[in-house]
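# Residue-level structure breakdown
One letter stands for each residue in the lines below.
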Amino acid sequence: MTDEADRQTSFPTSPKQVRFVELSSTAMSALLDGNLATASSTAGVALTDYFVTDRARWLWRIRIDQMAADPDHAPWMVRQAVTGPEGVVVGHAGFHGPPDEAGMVEIGYAVAPEFRRQGYGRAILIELLHRAAAEPAVKTVRATISPDNTASLATIAGFGFVKVGEDWDEEDGRGLIFEAPANHNR
């Protein structure tokens with residue numbers, strides 16, 4: 001997945017811009033240990049307390065296990081969403097894994113509380129969609145969102161997502177499943 005290929009697909013825009021910086025399993029392990037200094041040094045950007053919340057640690061455990069089971073999946077996993085020349089980390093994003101047999105990838109992203117409602121969720125979504133569209137194996141992008149998460153529901157509006165079902169997750173509860181073609185704006 002290249003940045004050059006990412007830019008070749010036309011998506012709705014955002015006044016905010018983010019770039020992704022990979023969050024390695026080493027950095028995630030440091031976060032699980034509550035060691036922000038080591039995690040930040042390893043990641044190359046200053047991470048905040050948001051990355052050591054219980055919710056974030058839950059995600060790091062899952063992703064570390066996935067990456068250990070198949071290191072080739074790492075490029076699909078967690079990235080920090082970074083903005084500006086100073087490299088402010090506004091959240092994290094990635095895919096739940098590489099494309100499945102049908103070419104579907106599921107996105108996941110979170111914006112740190114102090115950056116919410118400022119357009120960063122939309123900017124992160126745009127970057128995820130660029131990356132998915134740049135990968136020929138990806139045919140469909142999925143987003144599963146809690147029906148109570150009005151901000152995320154508003155964020156995906158206008159990007160071609162259609163509700164295709166619901167699911168239940170022990171951690172997240174009820175989720176509405178939305179899908180969009182990976183290249184719907186090509």
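Since the structure is predicted, the reported quantities are computational estimates derived from the model, not experimental observations. (Residues numbered from 1 in each chain as written. Predicted model: local features only at pLDDT ≥ 70, side-chain atom pairs only at ≥ 80, totals over all residues. Heavy atoms only, no water.)

### Overview of the confidence of the model for the protein chain
Detailed reading of predicted coordinates is not advised where the pLDDT is low. The share of residues in the protein chain with pLDDT of 70 or more is 91%, and the mean pLDDT across the chain is 87. Here residues 1-9 scores under 50 on pLDDT; set against residues more than four positions off or in separate chains, the count is 14 contacts. (pLDDT = per-residue confidence, 0-100. Contact = heavy atoms within 4.5 Å.)

### Side note on empty space enclosed by the protein
The final tally for this structure, using the stated rule, is one cavity of 30 Å³ or more. Size it by volume and the largest cavity reaches roughly 30 Å³. Listed by contribution, the elements that provide at least two residues to the lining of the largest cavity are strand E3 (88-95) and helix H5 (120-133). Top element by residues in the lining of the largest cavity is E3. It accounts for three residues. Residue composition of the lining of the largest cavity, by class: six nonpolar, one polar and two charged. (1 Å grid on protein atoms, 1.4 Å probe; cavity = no way out; pocket = protein on both sides within 12 Å on 5 of 7 lines; lining within 4 Å. Points joined across faces, edges and corners; volume = space filled by probe spheres on them. Helix = DSSP H or I, 4+ residues; strand = E, 2+ residues; numbered from the N terminus. Nonpolar A, V, L, I, M, F, W, Y, C, P; charged D, E, K, R; others polar.)

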